[in-house]
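# Overview (structure and organization)
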Amino acid sequence: NAGVTQTPKFQVLKTGQSMTLQCAQDMNHNSMYWYRQDPGMGLRLIYYSASEGTTDKGEVPNGYNVSRLNKREFSLRLESAAPSQTSVYFCASSETWGFQETQYFGPGTRLLVL
Amino acid sequence: LAKTTQPISMDSYEGQEVNITCSHNNIATNDYITWYQQFPSQGPRFIIQGYKTKVTNEVASLFIPADRKSSTLSLPRVSLSDTAVYYCLDSNYQLIWGAGTKLIIKP
């Protein structure tokens, strides 16, 4: 099992460009999440999908859109990248949506917006 | 929001036991406490979870007193490879992450 995979690992964009970050999990999990982590900070939730077919905003959704393509895949799209979106992006999944569910994280995508 | 509070950083030495405390004064009846570990350039990894009293696994122990307003993550006999950031989460608000505790282990 690969667990949670993310592509690309690293990306440089110019201001105004768009891109999609891909995430896939092979653990048959129902819930998936997108976080961003700025240097020296904790993770901040961008969007989440409690189950296939549903998505909800997290703490910092502005400038992002998501698609839960199927049970395995959850993508994050930046329509018009801004320097403030320079960050490390982590995708995570959990078996279900519940209080004590463990989250499993991918290796991250490092994004630099010039 | 039932956020948690933990020290920003700690230092210790190889072979020592390290205890990291976390305050969660507003914890609700159904909430669990979960700890994650994050190495540089990696995603966080689950360490341990508990509700009250003591939980132990192959990596760590978690102590939660009766009032459940705090918890202590205990790492026995740490090594250099335990240098990481440790996050304490209230599971009812598991999607809210603080800055964590940066633990540095010295030789």
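In short, a report on the structure. Sequence order sets the numbering: in each chain, residues are counted from 1 along the sequence as written. Written order determines the labels here, with chains lettered from A and ligands numbered from 1. Predicted model: local features are reported for residues with pLDDT of at least 70 only, side-chain atom pairs are reported and counted for 80 or more only, and whole-chain, interface and lining totals are derived from all residues. Side-chain numbers here rest on the full set of heavy atoms in the structure, without hydrogens or water.

## Let's talk about the interface of chain B and chain A
The following threshold applies: Whether two residues touch is decided by their heavy atoms; if any such pair falls within 4.5 Å, the residues are in contact. Take the accessible area each of two parts loses on contact, using a 1.4 Å probe, and add the two losses: that sum is the buried area. Just to be clear on terms, a salt bridge is a Lys or Arg side-chain nitrogen sitting within 4 Å of an Asp or Glu carboxyl oxygen. Think of a polar contact as two N or O atoms within 3.5 Å of one another; within protein, one of them needs to be a possible hydrogen donor and the other a possible acceptor, and neighboring residues in sequence only count if both atoms come from side chains. Each helix corresponds to a stretch of at least 4 residues labelled H or I by DSSP, and each strand to a stretch of at least 2 residues labelled E; elements are numbered beginning at the N terminus. Classes in brief: Ala, Val, Leu, Ile, Met, Phe, Trp, Tyr, Cys and Pro nonpolar; Asp, Glu, Lys and Arg charged; the others, Gly included, polar.
Opposite the 18 residues of chain B that make contact, chain A presents 21 residues. For the pairing of chain B and chain A, the buried interface totals around 1600 Å² over both sides, and the portion due to carbon and sulfur atoms is 51%. Counting the contacts that link chain B with chain A gives zero salt bridges. Our count for the contact surface shared by chain B and chain A stands at five residue pairs in polar contact (both at pLDDT 80 or more). Put simply, the parts of the chain that give the side of chain B that touches chain A at least two residues each are β3 (33–38) and β4 (45–50) of chain B. Grouping the amino acids of the side of chain B that touches chain A by side-chain chemistry returns eight nonpolar, ten polar and no charged.

## Brief notes about the layout of surface pockets
Put simply, the test is: Put simply, the grid is 1 Å and covers the protein atoms alone, a cavity is a trapped set of points that fit a 1.4 Å probe, a pocket is an open set with protein on both sides within 12 Å along at least five of seven lines, and lining residues have an atom within 4 Å of a point. Grid points are joined across faces, edges and corners, and a volume is the space filled by probe spheres set on the points.
Roughly 530 Å³ of volume is contained in the largest pocket. In terms of lining residues, the largest pocket is bounded by 29 residues, among which Gln37 and Gly40 of chain A together with Gln38, Pro40 and Val85 of chain B are the most central. Looking at the lining of the largest pocket, the elements that each hand over two or more residues are β9 (87–94) and β11 (109–113) of chain A together with β8 (84–90) and β9 (101–106) of chain B. Residue classes in the lining of the largest pocket are distributed as 15 nonpolar, eleven polar and three charged.

## Quick notes on the environment of Ala24 of chain A
Residues and elements named next belong to chain A. Put simply, the test is: A 1.4 Å probe rolled over the protein chains alone gives each residue an accessible area, and that area as a share of the maximum for its type sets the label: buried under 20%, exposed over 50%, partly exposed in between.
Within the element layout of this structure, Ala24 appears in strand β3 (residues 19–25). Relative accessible area serves as the criterion here: at 13%, Ala24 is assigned to the buried category. Between the C-alpha atom of Ala24 and that of Arg36, which follows or precedes it by twelve residues, the distance is 17 Å. If we skip the residues at most four places from it in the chain, Ala24 touches Gly3, Val4, Thr5, Arg72 and Glu73.

## A word on the pairing of strand β5 (residues 53–56) of chain B
Our working rule: What makes two strands pair is DSSP finding at least two bridges between them.
Looking at chain direction, β5 of chain B and strand β6 (residues 61–64) of chain B are connected through four bridges and run antiparallel. Bridge pairing links Thr56 of chain B to Ser61 of chain B in β6 of chain B.

## Some thoughts on the packing of aromatic side chains
Residues and elements named next belong to chain B. Worth spelling out the cut-off: Two rings from Phe, Tyr or Trp (for Trp, the six-membered ring) form a pair when their centres are within 6.5 Å of each other. A pair whose planes differ by under 30 degrees is stacked, one over 60 is edge-to-face, and the rest are tilted. Placement of a positive charge over a ring is assigned whenever Lys NZ or Arg CZ falls within 6 Å of the ring centre and within 35 degrees of the normal to the ring plane.
For the structure on display, the rule yields ten aromatic pairs over all chains. Plain terms: the ring middles of Tyr32 and Tyr51 are 5.3 Å apart, the flat faces sit at 55° to each other, and that makes the pair tilted. Remark: Tyr51 occurs in the loop between β4 and β5 and Tyr32 occurs in the loop between β2 (18–23) and β3; sequence separation between them is 19 residues. The partly exposed category is assigned to Tyr32, whose relative accessible area is 25%. The partly exposed category is assigned to Tyr51, whose relative accessible area is 28%. The cationic tip of Arg68 hangs over the ring face of Tyr51; the distance from NZ or CZ to the ring centre is 3.9 Å.

## Quick word on the pattern of salt bridges
One pass over the structure, following the stated rule, counts four salt bridges over all chains. The salt bridge involving Asp38 of chain A is made with Arg36 of chain A; its shortest N-O contact spans 2.9 Å. With respect to class, Asp38 of chain A is no different from Arg36 of chain A; both count as buried. Note that Asp11 of chain B is salt-bridged to Lys106 of chain B, the shortest N-O span being 3.3 Å. Residue Asp11 of chain B is located in strand β1 (residues 9–13), and its partner Lys106 of chain B is located in strand β9; the two are separated by 95 residues in the primary sequence. We classify Asp11 of chain B as partly exposed; its relative accessible area is 47%.

## Describing the environment of Ile20 of chain B
Residue and element names in this part refer to chain B. Among the structural elements, Ile20 can be located in strand β2. Here the alpha-carbon distance between Ile20 and Ser71, two residues 51 residues apart in the chain, equals 8.3 Å. Setting aside anything within four residues of it in sequence, one finds Ile20 in contact with Pro7, Met10, Trp35, Ser71, Thr72, Leu73, Tyr86 and Thr101.

## Re the state of the cysteines
Defined simply, a disulfide is a covalent bond joining two cysteines at their sulfur atoms. Residue and element names in this part refer to chain A. The cut-off we apply is this: Any cysteine sulfur atom paired with another within 2.5 Å is treated as part of a disulfide.
Here the structure, examined in full by the defined rule, presents two disulfides over all chains. Between the sulfur atoms of Cys23 and its disulfide mate Cys91 the distance is 1.8 Å. Its S-S torsion of approximately -70° makes the covalent link between Cys23 and Cys91 left-handed. Separated by 68 residues along the polypeptide, Cys23 in strand β3 and Cys91 in strand β9 bring together distant segments of the chain.

## Focus: the side chain of Asp31 of chain B
Inspection of the secondary structure assignment puts Asp31 of chain B in the loop between β2 and β3. Residues within four places of Asp31 of chain B in sequence aside, it is in contact with Tyr51, Arg68, Asp90, Ser91 and Asn92 of chain B.

By themselves, these observations are geometric and do not establish any function.
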